[in-house]
Every structure is written in C-alpha cells, then in structure tokens.
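Structural description and commentary
Single-letter residue listing:
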Amino acid sequence: MVVAGDLRQAISYCDARPAPLTNTVKAGLVQAMNKRPDEEVQVAMDAAVMREMPKVEGWTSFLAVFGNVAVLAGLLGTIIGMIGSFRAVAAADPATKALELSKGISHALNCTAFGLLVAIISIVAYGLFQHRIQKTENEVVETSMSLLNLVVANREKIKD
C-alpha cells in the first residue's frame, strides 16, 4: 500500500488491527500522509514506540518481584518452623522430643521448598517474557525504520 502511494488504505489497515506494531506504523504513516519531513515521521514513530512498549511489558516486572518475595516467604516459613520445633522440644517429654523436632523440621523444609519452587518458576517466566518483549521491541523498531525507508523511497507516489 505504501509502495502504491495509498497511505489512507495503509492507515485503515493499521486501524483494523490495533497492536503495538501497527500503532507505531500508523503514527509514521499519518505524518507521511500530512507531507511532514522524514525527521518528523521518525519522531512520530519513536514516540509511538515509547507509548506502546509499556503496554507490551505490562506486569512482567512483577514476576521478578514475586520470585524474590517467594524466597523471603520460604525463609520466613523456615524460621517459623524451626522456632516452633525448638519450642515444642523444650516443652515435650523425652519420649516425644524426636517426633516434635521432626515435625518442626519438616514444616521448615516444606516452606523452604515451596518458596524456592515458586521463585524458580517466577524467575524463569520473567526471563522468558523479557526475551519475548525484547524481541517484540526490536521488531517494532526495525519495522519503523523499514517503513521510513519505504516512505522516503516512494514519496513521489503518495496520493493526496
């Protein structure tokens, strides 16, 4: 559509498929359709990238925080389990001390394991999402540069 000079149709195409990439391209196409200089077309697309990337990132950073909090919560559970274990041992008769100690240690280790499990899953998910976000951001920036080159090469074909 850009090569044919029909920027209105290209903008309509972008409007019909709202996404970070099409919103960025649309910002540049609107400037090109208004016969703005190449620098303004690029600035419009750069501004659109700045608007769209927070939408792509969303709550991803929360996963890293959640992973760190899970480790701390597991540690807290471990300490509470150990305190309970020693408190029970101090108050128990000699025949049940081993049983009370093993219950507390079991509670402590379960807390540690659960905290670590949640943390590992959260941090791995964070890494995967960060990779996808970076890939999307690179694609949007690369496409905006390609669009600018396409517009510059076909300025004379742009219809009013």
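This text goes with the structure placed above it.
Attention here is on the structure that accompanies the text. Note that the coordinates shown come from a computational prediction; the quantities given were computed from them, not determined experimentally.

1. Structural notes on the packing of aromatic side chains
Summed over all chains, the structure comprises two aromatic pairs. Geometrically, the ring pair formed by Trp59 and Phe62 is edge-to-face, given 6.3 Å between the ring centres and 85° between the ring planes. Given a relative accessible area of 45%, Phe62 falls into the partly exposed group. Seen from their ring centres, Phe62 and Phe66 are 5.9 Å apart, and the 25° between their planes marks the pair as stacked. Separated by four residues within a single helix, Phe62 and Phe66 lie in helix H4 (residues 60-91), roughly one turn from each other. On the accessibility criterion, Phe66 (39% relative accessible area) is partly exposed.

2. A look at the nonpolar core
By size, the foremost hydrophobic cluster in this structure holds 14 residues, and its most contacted members are Val2, Leu7, Leu29, Leu147 and Val151. If you list the elements that add at least two residues to this core, you get helix H1 (7-16), helix H2 (20-33), helix H3 (38-57) and helix H5 (97-153). Considering every element that reaches this core, the biggest residue donor is H1, with four residues. Those residues within four positions of Val2 in sequence are excluded, and the remaining contacts are Leu7, Ala10, Leu29, Leu147, Leu150, Val151 and Asn154.

3. Side note on the pattern of salt bridges
One pass over the full model with this rule turns up five salt bridges. In this structure, Asp15 and Lys26 form a salt bridge, with 2.7 Å as the shortest nitrogen-oxygen distance. Linking Asp15 in helix H1 with Lys26 in helix H2, this pair joins segments that are eleven residues apart in sequence. For Asp15, a relative accessible area of 44% puts it in the partly exposed group. Classification of Lys26 as partly exposed rests on a relative accessible area of 28%.

4. Considerations on the layout of surface pockets
Where empty space is left can be seen by rolling a probe of water-molecule size over the atoms. What the largest pocket holds in volume is close to 150 Å³. If you go around the largest pocket, the residues you meet are Met1, Val2, Ala10, Tyr13, Cys14, Leu21, Thr22, Val25, Leu29 and Leu147. Contributions of two or more residues to the lining of the largest pocket are made by H1 and H2. Of the residues contributing to the lining of the largest pocket, the split by class is nine nonpolar, one polar and no charged.

5. A word on the side chain of Asn154
Note that Asn154 resides in the segment after H5. The buried category is assigned to Asn154, whose relative accessible area is 7%. In this structure Asn154 touches Val2 and Val3, once residues within four positions along its chain are discounted.

6. What to know about H3
Taking 1.5 Å per residue, 20 residues should reach 28 Å; H3 reaches 29 Å between its end C-alpha atoms and fits that length. Of all the positions in H3, only Val41, Gln42, Ala44, Met45, Ala48, Val49, Glu52 and Met53 are classed as buried. Taken from the residues just after H3, Gly58 is the one with a positive phi, measuring 50°.

Parameters at a glance
Residues numbered from 1 in each chain as written. Predicted model: local features only at pLDDT ≥ 70, side-chain atom pairs only at ≥ 80, totals over all residues. Heavy atoms only, no water. Phe/Tyr/Trp six-rings, centres within 6.5 Å; stacked < 30°, edge-to-face > 60°. Buried < 20%, exposed > 50% of the residue type's maximum accessible area, 1.4 Å probe, protein only. Helix = DSSP H or I, 4+ residues; strand = E, 2+ residues; numbered from the N terminus. Core = buried A, V, L, I, M, F, W, Y, C linked by side-chain atoms within 4.5 Å. Contact = heavy atoms within 4.5 Å. Salt bridge = Lys/Arg side-chain N within 4 Å of Asp/Glu carboxyl O. 1 Å grid on protein atoms, 1.4 Å probe; cavity = no way out; pocket = protein on both sides within 12 Å on 5 of 7 lines; lining within 4 Å. Points joined across faces, edges and corners; volume = space filled by probe spheres on them. Nonpolar A, V, L, I, M, F, W, Y, C, P; charged D, E, K, R; others polar. Expected span 1.5 Å × (residues − 1).

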